[in-house]
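# Structural features, examined
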Amino acid sequence: MSSSTTGKTLGEVLRERQGLPQHFCIVPFTTIILQPNGNVGICRHKGTEFFIGNIRENTIDEVWNGPIARQWRKEFLAGAPEICAREVRERKCHLLPNWNTLLPHVEFKEELSAPILKLTANFNGKCNLRCKSCHVWMAPNGYYTEQNFWEPARKSIFPFIKEIDMLSGEPFIQKDTYKLIDEVSSLNPACKWNITTNAQWKFNHFVREKLDKIQIKSLSVSVDSLIPEMYAKLRTPGLLAPCLKTLDDIIEYRSHREALGEGFELSMNVCVQKENWAEADSMLDFCKKKGIHSFLFMIYEPEEISLLTLAEC
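Residues numbered from 1 in each chain as written. Predicted model: local features only at pLDDT ≥ 70, side-chain atom pairs only at ≥ 80, totals over all residues. Heavy atoms only, no water.

## A few points about empty space enclosed by the protein
What the rule picks out here adds up to 2 cavities of 30 Å³ or more. Lining the largest cavity are 14 residues; nearest its centre among them are V27, T31, W99, K118 and D165. Taken together, the elements giving at least two residues each to the lining of the largest cavity come down to β1 (31–34), α5 (97–100) and β4 (118–121). Counted by class, the lining of the largest cavity contains 7 nonpolar, 4 polar and 3 charged residues. Approximately 30 Å³ is the volume attributed to the second largest cavity. Forming the walls of the second largest cavity are C25, C43, F76, C84, V88, C93, H94 and W99. Of the residues assigned to the lining of the second largest cavity, the class counts are 7 nonpolar, 1 polar and no charged. (1 Å grid on protein atoms, 1.4 Å probe; cavity = no way out; pocket = protein on both sides within 12 Å on 5 of 7 lines; lining within 4 Å. Points joined across faces, edges and corners; volume = space filled by probe spheres on them. Helix = DSSP H or I, 4+ residues; strand = E, 2+ residues; numbered from the N terminus. Nonpolar A, V, L, I, M, F, W, Y, C, P; charged D, E, K, R; others polar.)

## Remarks on the packing of helix α6 (residues 146–156) against helix α7 (residues 175–187)
Here α6 crosses α7 at 25°, and the two axes come no closer than 10 Å. On the basis of their axis angle, the class for α6 and α7 is roughly parallel. Facing E146, W150 and R154 of α6, the residues of α7 in contact are D176, K179, L180, E183 and L187. (Axes fitted to C-alpha atoms, helices over the stretch in contact; angles between N-to-C directions. Parallel < 35°, antiparallel > 145°, perpendicular 65-115°, else oblique. Contact = heavy atoms within 4.5 Å.)

## Structural notes on unusual backbone geometry
Put simply, T236 and P237 share a cis peptide bond, and its omega is -5°. Even without being glycine, K92 reaches a positive phi, approximately 55°. Residue position: K92 is located in the loop between α4 (85–91) and α5. Judged by its relative accessible area of 43%, K92 falls in the partly exposed class. Backbone geometry places A199, a non-glycine residue, at a positive phi of 60°. Position of A199 relative to the elements: it lies in the loop between β7 (192–197) and α8 (205–211). (Buried < 20%, exposed > 50% of the residue type's maximum accessible area, 1.4 Å probe, protein only.)

Below is the structure:
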């Protein structure tokens, strides 16, 4: 139902994983996710309720090698995941190509001395939409300070990080996003960036100037419907037309970067749920015409909007 953002097939990923336990997942060995309330997670598929520590109580280094993180790694090294048993069984998320790109850099140990390789920076919940499939817009702001994050990150994270993910609320309306771009680009220009956006903003000179500073690996635009009325219903109070205008501007910007040899993968994300599943074919056709990838994924939670609770199922 989805297309890879790396261009790799499942067979290629499996070959790269030869010698590893069957159910091994790279994520606990590479990634931290900063949540708006200070919680530090590792995996998106575990959700915001599963975390390994809190930045207001412990340092990043303490959380990174804390008891929960070490147990998580221990299970995967043994090939017997318990924390992620459901995800491995039902979602097969440990095989996602875009996660496995960092395999050559992984330190296969329970307690890691190597630096964090991937940072997901959800600094706050500030967003201009109130999507049915998301609750991050209700999250707080202001928990990441010079003392508990920015100052230590300049020494132990920013110079070594391989990839940064910007997800939520809406990165392009948050000052912290542009601060992170300025700081990481000056210390580590080789870092690659993955950005997910709702495109409910204008692609102006300021945004373009900031993006010119970084190596963009992928940029994903979330569009849950191509029907204006349905879009507004699912992504309140968003409007479809401005979103598609910004998407076109991003497509044009990608062409400019490609001419410079600095292209990036551009995709459209669709949260497939009860009210929009019938649009799947039109979404795929739209992406094909635009020359961008499609990434359609099924909503599991909240259950009331998930396809799993349709009467036909």
